[in-house]
Amino acid sequence: MPDLSLEQKAALVVGGGFWATASVEEAGILPVVLTDGPHGVRLQRTRVGALGIASSVPATCFPPAAGLASSWNPALVERVGVALGEESRAEGVGVLLGPGVNIKRSPLCGRNFEYFSEDPLLSGELGAAWVRGVQSRGIGASLKHFAANNQETNRMTVSAEVDERTLRELYLSAFERVVTREQPWTVMCSYNRINGVAAAENHWLLTEVLREEWGFRGLVVSDWGAVEHLGPALAAGLDLEMPGPQNDSVDAVVAAVRAGELDQVVLDTAVRRVRHLVDRAGGEFGGASGGEDSSSSTRFGAHHALAREAATESMVLLRNEGSLLPIDTAQAVGVIGEFARTPRIQGAGSSQVSATRIDTALDSIGALAPVEFAPGYSFDKRADEEQLRAEAVAVATRSDVVLLFVGLPAEDESEGYDRANLDLPVNQLRLIGAVVAANPRTVVILTNGGVVSLEPWHDSVPAIIETWLLGQAGGAALADVLFGRAAPSGRLAESIPLRVQDTPSYLNFPGDGDIVRYGEGIFVGYRYYETIELPVRYPFGFGLSYTTFAYSGLEVSHRGSIASVTVTNTGSRAGKEVVQLYISAPTGGISVPRRELRAFEKVSLDAGESVRVQFTLDSRAYSYWDVVSSGWVVAGGTYVVEVGSSAHEILDTATVVLPAPRPGRLTLDSRVSDFLGHPVTGPILTRAAAGEGESKNTNLLEMVSSMPMRRLMRFPGVGESFKRIGVLLALANNSAVRGIATFFHKR
Ligand code: BGC
């Protein structure tokens, strides 16, 4: 790169501002604007405050990931991505900072509203759809936060201590899916350390796994403020430190190159990637607003309608005893709860966008039926709660049906800190009790970004809707669902436990100081609850409709690579079902969850209609990460393919028997069990052992089976056949020797 000086190159790998890359005018290198993300465009044109938080331009506020994920609808998420891409383009944004595909390890993570799921397949499929949509408009995505950023407590310093199998199967898996399928323009490294090494300086993560294994071709950007030492970060595979400018970083890089401590090639590579990003952002679709074919008001109108559709699919109907819902417009409707009037449409922190408009539930419900409203509680701690409760009870008593809005106040969950418990505020719990006592025909409508406990009031309430955070059109969408103008079709993307103590990471969250041990391993969310048969309030994947569905005729063919099942709408209304396919793997030698989600599809069916749903399963659906061979392995044995409506409600099953992988080379360090399991040496040893009288003690072989062969042979009195180990190894590992032996044996 002869056109740039060393100083210019070093300046290019550091941001030029809070929200833009650096520019080099002489070389025609323009800045690229990067902005949050993920559920709306948060572009700040005004001067930013000390923390970079400032008001932003109006943008459509779609449901944040927690809601969107409950749609289980990649096609819908892709359309949201397209809309986000269009709004980014119109504002001259080159990269939209999302999606966040970190796994919801604990429901207490303060930022769970910004993440999709406790399951990597669902997170990965939805993240990929989001990237596909955004990038289809010539805008780059920034897949974040790579990796193992599953809590906010000490997020800048904590080390996530995670074993490799758990990383591969859970915490890296969604990133892998998005990278290999969609090639996001950028990946954002996280703040935390992983097994002691900062993500920004983690060569294994940023280079070996991301680039060499997964083939990532884009740019790695730091999370804002994640870089401590830019030189080592570049050497590890980072390409761009944000935000900037940071003169000390630039100076340090220049000095390191001059001193020969940082290879010039490393810097050139990062510069090349920054320039590639600049070219892409100014490429075919051209950076700033020019060329837009629709006015912002038309665009915002269409996107508001899309936000309403997304919100409709994001809410989850959890309970509907006696078909209380949908409600009849002729009834006297009592609307209780401040959230109905003052909605919380998104979470707090860097993702907060300035909505173009907000539909409140109170207005939207009021447009469909006569309502009487009482706030019931206040977000102002000085309010007279008793008085508010008394008014609410009076409204409840006069109503045919009560819509009771409760949830987490904005300050309870945010980027930057975690939650201490799963509980609703005490004043709201009291309100639920008082309102239900006054009118049992009560629908509880929940507003929260992370899971809240439904105890102890759950059983006393006939209907519950979990709306998460619904974005700017949530009120209208909710009214549609409440009055049956739209059917609820969301499904839980995370389990709702009975108690916070039941959550698998409970004893290891948020860790001890700067160390958090992922002691539960792969058993996160339903993988844990289903395996140890621990009851939850609502399982992963659960959600009701206004109709019912039946499953039949599951067939699995082509050695497990194709599965199909018939799903029928058995009720009297149209509805959407999320058909979930889980695989239950054989438990041979390694610990496996009771079942794992391996495919899903959302289908829309009229009353009485049937559809045959077909799934394609690749070998990964049957694999686990083998730490010995450092690779994905399909264990031989019987797999149960299960389809159902949640991780707990399996409605049809079929089995597939898969062959054991070809045995690896045997050595003296192989275990006796490897020799016994080997198709050549196994029968020889078993026969020989029997011949030597070992069969009398049938447990003997089993007893020594975990011993490395070398160690067994040191025991005096080991049988002759074990001693002729050289012959056994030759037979096992060398097909020519095997051939000769077979020839003589046959003669
Ligand atoms: C957040 C990122 C965000 C960035 C820029 C960070 O604090 O973790 O998600 O994209 O700030 O606002």
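Residues numbered from 1 in each chain as written. Predicted model: local features only at pLDDT ≥ 70, side-chain atom pairs only at ≥ 80, totals over all residues. Heavy atoms only, no water.

**Student:** Is there a simple way to explain the overall build of the chain in this structure?
**Tutor:** Per the secondary structure count, the chain includes 24 helices and 26 strands. By the compact-globule yardstick of 27 Å for 747 residues, the chain fits well, its C-alpha radius of gyration being 29 Å. Counting only C-alpha atoms and orienting by the principal axes, one finds that the chain spans roughly 95 × 70 × 45 Å. Counting the 747 residues in the chain, one finds 59% classified as buried. Counted over contacts in the chain with a minimum sequence separation of 6, partners at least 24 positions apart contribute 75%. (Helix = DSSP H or I, 4+ residues; strand = E, 2+ residues; numbered from the N terminus. Rg over C-alpha atoms; globule rule 2.2 N^0.38 Å. Buried < 20%, exposed > 50% of the residue type's maximum accessible area, 1.4 Å probe, protein only. Contact = heavy atoms within 4.5 Å.)

**Student:** Explain the packing of aromatic side chains here, please?
**Tutor:** For any pair of aromatic rings, the description consists of the separation of the ring centres together with the inter-plane angle of the planes. Throughout the structure, instances matching the rule amount to 16 aromatic pairs. Between Phe 18 and Trp 19, the aromatic rings sit 5.0 Å apart at their centres with planes inclined by 50°, giving tilted as the arrangement. According to the relative accessible area criterion, Trp 19 is buried, its value standing at 10%. Among the aromatic residues, ring-to-ring pairing joins Trp 72, Tyr 526, Phe 540, Tyr 582 and Phe 600 into one connected group. Looking at Arg 105, its charged tip hangs above the ring of Tyr 518, at a distance of 4.0 Å from the centre. The lysine or arginine in question, Arg 620, covers the ring of Trp 632, its NZ or CZ lying 3.5 Å from the ring centre. (Phe/Tyr/Trp six-rings, centres within 6.5 Å; stacked < 30°, edge-to-face > 60°. Lys NZ or Arg CZ within 6 Å of the ring centre and 35° of its normal.)

**Student:** What should I look at first to understand the side chain of Ser 173 in this one?
**Tutor:** Looking at the element boundaries, Ser 173 is found in helix 6 (residues 173-182). For Ser 173, the residues in contact, after removing those within four places along its chain, are Pro 120, Leu 167, Arg 168 and Arg 620.

**Student:** I would appreciate a short explanation of the site of the ligand in the present structure.
**Tutor:** In the neighbourhood of the ligand, 14 residues make up the surrounding shell, with Asp 36, Arg 111, His 145, Tyr 191 and Asp 223 lying closest. Note that an oxygen atom of the ligand is positioned 2.5 Å from one of the side-chain N or O atoms of Asp 36. Glu 415 places a polar side-chain atom, nitrogen or oxygen, 3.0 Å from an oxygen atom of the ligand. Calculation on the ligand without its partners gives an accessible area of 310 Å², and the protein chains cover 94% of this total. (Near = heavy atom within 4 Å. Polar contact = N/O pair within 3.5 Å; in protein donor to acceptor, adjacent residues only side chain to side chain. Areas by Shrake-Rupley, 256 points an atom, 1.4 Å probe, with all protein chains shown as cover.)

**Student:** Looking at this structure, I do not really get the sheet that holds strand 8 (residues 197-198). What am I missing?
**Tutor:** Hydrogen bonds between backbone groups are what pair the strands of a sheet, and the pairing can be parallel or antiparallel. An order of 8-7-5-17 is seen for the 4 strands of this open sheet, with the pairing classed as mixed. Since the sheet does not close on itself, it has two edges, and those belong to strand 8 and strand 17 (515-517), each with one partner. (Pairing = 2+ DSSP bridges.)

**Student:** Would you explain the environment of Leu 454 in this entry?
**Tutor:** Tracing the backbone through its elements, the reader meets Leu 454 in the loop between strand 15 (442-447) and strand 16 (463-466). Among the residues examined, Leu 454 registers a relative accessible area of 0% and is labelled buried. Put simply, Leu 454 and Tyr 538 are 84 residues apart on the chain and 9.7 Å apart in space, counted from C-alpha to C-alpha.

**Student:** Is there a simple way to explain the pattern of salt bridges in this structure?
**Tutor:** If the charged atoms of two oppositely charged side chains come close together, the side chains can form a pair. If you walk through the whole model with that rule in mind, you get 47 salt bridges. Taking the shortest distance from any N to any O, the salt bridge between Asp 119 and Arg 527 comes out at 2.9 Å. Remark: Arg 527 occurs in helix 17 (residues 526-531) and Asp 119 occurs in the loop between strand 3 (95-97) and helix 4 (120-135); sequence separation between them is 408 residues. One exposure class covers both Asp 119 and Arg 527, and it is buried. Across the pair Lys 381 and Glu 411 runs a salt bridge, and its minimum N-O distance is 3.6 Å. With Lys 381 in the loop between strand 13 (371-374) and helix 14 (385-398) and Glu 411 in the loop between strand 14 (401-407) and helix 15 (426-438), this pair connects stretches of sequence that are 30 residues apart. Exposure remark for Glu 411: the relative accessible area of 42% places this residue in the partly exposed category. By sharing partners, the salt bridges in this structure join Asp 36, Arg 42, Arg 111, Glu 114, Lys 144, Glu 152, Arg 155 and Glu 415 into a single network. (Salt bridge = Lys/Arg side-chain N within 4 Å of Asp/Glu carboxyl O.)

**Student:** Help me understand helix 10 (residues 264-281), please; the structure alone is not making it clear to me.
**Tutor:** Two residues of an α-helix separated by three or four positions point the same way, owing to the 3.6 residues in each turn. Counted at 1.5 Å a residue, the expected span for helix 10 with its 18 residues is 26 Å, and the 26 Å between its end C-alpha atoms agrees. Those residues of helix 10 that are buried lie in contact with helix 1 (6-12), strand 3, strand 6 (186-189), strand 9 (219-222), helix 8 (230-236) and helix 9 (247-258). At the N-terminal end of helix 10, a side-chain oxygen is found 3.0 Å from the backbone nitrogen of Val 265, two or three residues along, and the residue is Asp 263. (Expected span 1.5 Å × (residues − 1).)

**Student:** Can you walk me through the sheet that holds strand 18 (residues 549-557) in this structure?
**Tutor:** Strand order across the open sheet formed by 3 strands is 18-19-22, with antiparallel pairing between neighbours. Each end of this open sheet is capped by a strand with a single partner; those strands are strand 18 and strand 22 (610-616). When the angles between neighbouring strand axes are averaged without regard to direction, this sheet yields 20°. Where strand 18 lies against strand 19 (residues 562-569), 7 bridges are found, and the strand directions are antiparallel. Directly across from Val 556, in strand 19, lies its bridge partner Ala 563. (Axes fitted to C-alpha atoms, helices over the stretch in contact; angles between N-to-C directions.)

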